[in-house]
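Chain and residue survey
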Amino acid sequence: MALPPLQANRLLDQVKERIRYLHFSLRTEEAYLYWVRAFVLFHGKRHPRDLGLQEVEAFLSHLANERHVAASTHKQALSALIFMYGKVLGRDLPWLDAIGRPKSSPKLPVVLTAAEVAQVLAALDGRYRLIGQLLYGTGMRLMEGLRLRIKDVDFGHGAIVVRDGKGGKDRTVMLPSSLIDALRQQIGRTRLLWEQDRARKLPGVWLPTALDAKYPRLGQTWGWQWLFPSDTVSVCPRTGVERRHHVIDKSFQRAFKKAVAASQLIKPATPHTLRHSFATHLLQARYDIRTVQELLGHADVSTTMIYTHVLKVGGGGVQSPLDVL
């Protein structure tokens, strides 16, 4: 694909410009900018156009041998450099693609028991509890839950539509019947904030891709409002527009960490542990693995298979010989 000429002059601004043109996520933008900056600083602020294979390998070796980064972090740094050289500097460097990527060893996910999940959820306060219940009750990723909009909750069909999930895919998950009343109350609170914002004539919520340009008032309509809006308005990091965003992930992560500590759990649980627990508990209840795969939004069933290793399901219910002595 032919890319348009860059307008920015500084390297980091060029990386940012190209990322936004290609509609990469804000998280990807932050990560790539971090690694490009780190690469430049590691080599004494020399411009990457003056560096080659030897300098790239030296930087990656530094990450692996001195900073002891995980394999996934190592691969992310390499991806950022490949993007910079290929998409920003426009250099075709076959040796860069040939650089070896570290292999990630499969890790068993942390899974909570049903009782442990209940403990942690009970320790969460207010809307954070509802968010946690929704993550465990549907298997959504944290950002998928926080980015839900009013229109995505379908009470009539008992379903929630997850828009633009990992890989840009949409999928449908169940709407837990035990959360219907709490969700209706949350929607009522959101409605009050929406009415206040309209009275203050604030700009509408952020819209994906070019919808904002095509439908300028769409972000002000009720259906497109965030299900879990922030209590305060803030400046959009990309557009500079002051508007209301959804609850930020770090706020929930901090609340979840406190809840785990209050529950006195030994397991290193994070918000993503709720997703792992959802999948494992469904398999434990003998639901078909293909159904679980679809609910999680996994492209390959082999990804879902990792949860069978947490259970005896993976071994067909094998009993230890010690237990029959």
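All of the points below concern the structure found in this document.

Conventions adopted
- Residues numbered from 1 in each chain as written.
- Predicted model: local features only at pLDDT ≥ 70, side-chain atom pairs only at ≥ 80, totals over all residues.
- Heavy atoms only, no water.
- Helix = DSSP H or I, 4+ residues; strand = E, 2+ residues; numbered from the N terminus.
- Expected span 1.5 Å × (residues − 1).
- Buried < 20%, exposed > 50% of the residue type's maximum accessible area, 1.4 Å probe, protein only.
- Contact = heavy atoms within 4.5 Å.
- Axes fitted to C-alpha atoms, helices over the stretch in contact; angles between N-to-C directions.
- Parallel < 35°, antiparallel > 145°, perpendicular 65-115°, else oblique.
- Nonpolar A, V, L, I, M, F, W, Y, C, P; charged D, E, K, R; others polar.
- Phe/Tyr/Trp six-rings, centres within 6.5 Å; stacked < 30°, edge-to-face > 60°.
- Lys NZ or Arg CZ within 6 Å of the ring centre and 35° of its normal.
- Left-handed = near helix turned anticlockwise from the far one by under 90°.
- Salt bridge = Lys/Arg side-chain N within 4 Å of Asp/Glu carboxyl O.
- Core = buried A, V, L, I, M, F, W, Y, C linked by side-chain atoms within 4.5 Å.

With that settled, the discussion passes to helix α12 (residues 271–284). Taking 1.5 Å of rise per residue, 14 residues should cover 20 Å, and α12 covers 20 Å from first to last C-alpha, within 8% of that figure. α12 sits mainly inside the fold: 12 of its 14 residues count as buried. Residues of α12 that are buried include every one of P271, T273, L274, R275, H276, S277, F278, A279, T280, H281, L282 and L283, and no others. Where α12 is buried, its residues meet α6 (114–123), α7 (126–138), α8 (142–146), β3 (171–174), α11 (249–262) and α13 (289–296).

A word on the packing of helix α2 (residues 26–42) against helix α3 (residues 53–65). For the pair α2 and α3, the least separation of the axes is 10 Å and the interaxial angle reads 105 degrees. Compared by their axis directions, α2 and α3 come out roughly perpendicular. Residues W35, A38, F39 and F42 of α2 lie in contact with α3, whose contacting residues are E55, V56, A58, F59, H62 and L63. Counted by class, the contact of α2 with α3 contains 8 nonpolar, 1 polar and 1 charged residues.

So, about the packing of aromatic side chains. Tallying each qualifying case throughout the model produces 9 aromatic pairs. With centroids separated by 6.4 Å and ring planes inclined at 70 degrees, the aromatic side chains of W35 and F59 adopt a geometry described as edge-to-face. Within this pair, whereas W35 is found in helix α2, its partner F59 is found in helix α3, the two being separated by 24 residues in sequence. Classification of W35 as buried rests on a relative accessible area of 3%. Seen in terms of ring centroids, W194 and W222 are 5.3 Å apart; in terms of plane orientation they differ by 50 degrees. Their pairing is tilted. Of the two residues, W194 sits in helix α9 (residues 180–199) while W222 sits in the loop between α10 (211–214) and β4 (229–235), which places them 28 residues apart along the sequence. Members of the aromatic cluster, connected to one another through ring pairs, are Y34, W35, F39, F42 and F59. The ring centre of W226 lies 3.9 Å from the NZ or CZ of R149, which sits over that ring. Geometry around W224 places K151 over its ring, the cationic atom sitting 4.4 Å from the centre.

Along the chain, the position of H74 falls in helix α4 (residues 71–88). The buried category is assigned to H74, whose relative accessible area is 9%. When near neighbours in sequence (up to four residues on either side) are disregarded, H74 contacts L60, A64, V69 and P102.

Its identity is not glycine, yet H23 carries a phi of approximately 60 degrees, on the positive side. You can see H23 is positioned in the loop between α1 (11–21) and α2. On the basis of relative accessibility, which here comes to 59%, the residue H23 falls in the exposed class. The phi angle at K201 is positive, at roughly 60 degrees, despite the residue not being glycine.

Moving on, we get to the packing of α12 against α13. Running from amino to carboxyl end, α12 crosses α13 at an angle of 160 degrees, the nearest separation of the two axes being 10 Å. By the angle between their directions, the pair α12 and α13 is classed as roughly antiparallel. The handedness of the crossing between α12 and α13 comes out as right-handed. Where α12 approaches α13, its residues R275, F278, A279, L282 and L283 are matched on the opposing element by I289, V292, L295 and L296. The residue inventory of the contact of α12 with α13, partitioned by class, reads 8 nonpolar, no polar and 1 charged.

Attention now goes to the pattern of salt bridges. Enumeration according to the criterion identifies 12 salt bridges in this entry. The shortest N-O distance in the salt bridge between E144 and R171 comes to 2.9 Å. Residue E144 is located in helix α8, and its partner R171 is located in strand β3; the two are separated by 27 residues in the primary sequence. Here the salt bridges do not stand alone but share partners, grouping K151, D152, R163 and D170 into one network.

Moving on, we come to the nonpolar core. Membership of the largest hydrophobic core comes to 44 residues, with the highest contact counts inside it found for L134, L227 and F256. Among the elements of the structure, α6, α7, α8, β2 (159–162), α9, α11, α12 and α13 are those that each provide at least two residues to this core. Discounting chain neighbours no more than four positions away, the residues touching L227 are L134, L148, R149, I150, V153, L183, Q186, I187 and T190. Residues L22, L33, W35 and Y85 belong to the second largest nonpolar core, which totals 30 residues.

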